[in-house]
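# Observations on the model geometry
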Amino acid sequence: MNSVRDAATADTNAAPTTVVLAGRVFVPPGDLETFIAEARTVYPVAAANPGNVLMSFSVEDAAAGIVTVLEKWTSQEALDRHVATPVVTALLTKWGPRIRNEVQRFDVLDPSGPGGQEQPGGALPPAMQMIQLLGGFQLAQALYVMAKLDIATRLDDGPRTVADLAAASGAQPEPLGRLIRSLATVGVFRHLPDGTVETTPLGATLSANRPDSARAAALYWMETHYLPFSDLLHNVRTGETAANHYYGEPFFDWIVKKPELVELQTSTMANVTGGLRAGMFDDYRLPAGAVVADIGGANGSVLVRFLAKEPDRRGIVFDLPEVVPGARRHIEEQGLADRVDVVAGDFFESVPPADVYVLAYVLHDWDDEKCRRILGSIEAAAKPGARLVIVEGLVPAGDEPHLTKMIDLIMLAMGGGKERSADEFEQLLSSAGFTLDRIVPTPTPFSFIEATVRP
Ligand SMILES: C[S@@+](CC[C@H](N)C(=O)[O-])C[C@H]1O[C@@H](n2cnc3c(N)ncnc32)[C@H](O)[C@@H]1O
């Protein structure tokens, strides 16, 4: 971990630092509600600070009093300004002694950050930064190997030796140790003085046993997206999606023939709901309406969040025939089978009637013309006065980092869709006969976009 001085006094020629604070705090369960309410009073304070990119306190496990904290700052200076505000100072003073804090700091592209090689004057030479960026393929593959061998899951109960991990996962200790050493430089693992290794809070997200697990995403991206990305150049030159060129057919047509990958895709989306979207549903209420249809709902993990606090509403999970068996299982496991119907179909053809439609991470998969066809199916089936709730990230103006700007490349390469700005959503909805009513931002990179069919 860097000292505050490194970034606060950064040379003006130094690479810009992005500071990420991530991890968990453990609160006495009886104090959890008060803690969360008070912690969230810092949202407006952070939002007023131009250096804040992301600020999120979400309850991970209410019974155990575990809160997940995620913050992203464009500079140490911005973070210092935040910590010095009276609201934050008072919170730290009050709660510091009562909580166990496992929030860690990570510096992204910081010359003195993990893996960096600090130069005199503090700057990482541009050529070194470029090599680090180009090395992204190594990092992605190394993380994939860790996920596939379940190394983080095997470290759930505490540190182990590399030899032990290798034996348990059917790997060779020497190369496994080298991967762990590389990943320790970017804050995924930590070597302990007794020769064992452990995961950091970042690395622990590769464990299968967490609501915010990223393990399925690691497997899904690397087993279905990584190779088609080698055709990105073709994509940019010709306009044909990389996945189409690589697989010889549209991505969703290809994947539905592989049940184990369909399952992985569904688990990935459920992990997105449990991880990246954690906290976004807490303070949001759906518009009124007796029946809520989650269109392209995968296993229904988004619908389950909505219905959990809406005992009087019924639900529908609608997805492709190959996907709905997983939804049926999940809805049954959640004890919602008596009020949620699982319906198979193609949203380009038709969708079931409902009062509220949810489209979560669906429109971003498709270009405007295909989105209008999906919206047209909803328009045709919607009950009078029906409302639409879109769950997507909104691309912000400017060059600051935002999840949407990287996910956008996946949309480009895999399906020909795109991440959209608020204006682009307004135009898309308007061209499909909908009126955008309001956008509800959340403490996550996602927003709720509410719309109505124009009479
Ligand atoms: C990115 S996932 C989003 C899943 C879920 N809504 C969420 O946000 O977690 C897109 C979903 O659209 C579904 N889908 C793709 N083409 C479809 C079609 N033609 N008709 C119905 N569902 C489709 C996929 O099977 C997948 O579950």
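Residues numbered from 1 in each chain as written. Predicted model: local features only at pLDDT ≥ 70, side-chain atom pairs only at ≥ 80, totals over all residues.

### Side note on the nonpolar core
- By size, the foremost hydrophobic cluster in this structure holds 63 residues, and its most contacted members are Ala 293, Ile 295, Leu 303, Tyr 357, Val 358, Leu 359 and Val 391.
- Once residues within four sequence positions are removed from consideration, Leu 303 is found in contact with Val 292, Asp 294, Gly 297, Gly 315, Val 317, Val 340 and Val 358. (Core = buried A, V, L, I, M, F, W, Y, C linked by C-beta atoms within 7 Å. Buried ≥ 20, exposed ≤ 12 C-beta atoms within 10 Å, placed from the backbone. Contact = placed C-beta atoms within 7 Å.)

### Topic: the domain arrangement of the chain
- When the domains of the chain are assigned, the result is domain 1 (18-108), domain 2 (135-204) and domain 3 (272-453).
- Taking the mean C-alpha position of each, domain 2 and domain 3 sit 36 Å from one another. (Domains from an automatic or database assignment.)

### Concerning the pairing of strand E3 (residues 66-73)
- Within E3, seven of the eight residues are buried, which leaves the element mostly enclosed by the surrounding structure.
- In this sheet, E3 lies alongside strand E1 (residues 18-26) in antiparallel orientation, the contact comprising eight bridges. Within the sheet, the bridge partner assigned to Ala 22 lies in E3 and is Leu 70.
- Looking at chain direction, strand E2 (residues 52-61) and E3 are connected through eight bridges and run antiparallel. Pairing of Ser 58 across the sheet is with Thr 68, part of E3.
- Between the end of E2 and the start of E3, which pair antiparallel, lie four residues, with Gly 65 showing a positive phi angle near 70°. (Helix = DSSP H or I, 4+ residues; strand = E, 2+ residues; numbered from the N terminus. Pairing = 2+ DSSP bridges.)

### Points about the environment of Glu 392
- Secondary-structure assignment places Glu 392 in strand E12 (residues 387-393).
- Among the residues examined, Glu 392 registers 21 C-beta atoms within 10 Å and is labelled buried.
- Considering only alpha carbons, one finds Glu 392 and Glu 379, 13 residues apart in sequence, at a separation of 20 Å.
- Setting aside residues up to four positions removed in sequence, Glu 392 forms contacts with Tyr 361, Leu 363, His 364, Phe 446, Ser 447 and Ile 449.

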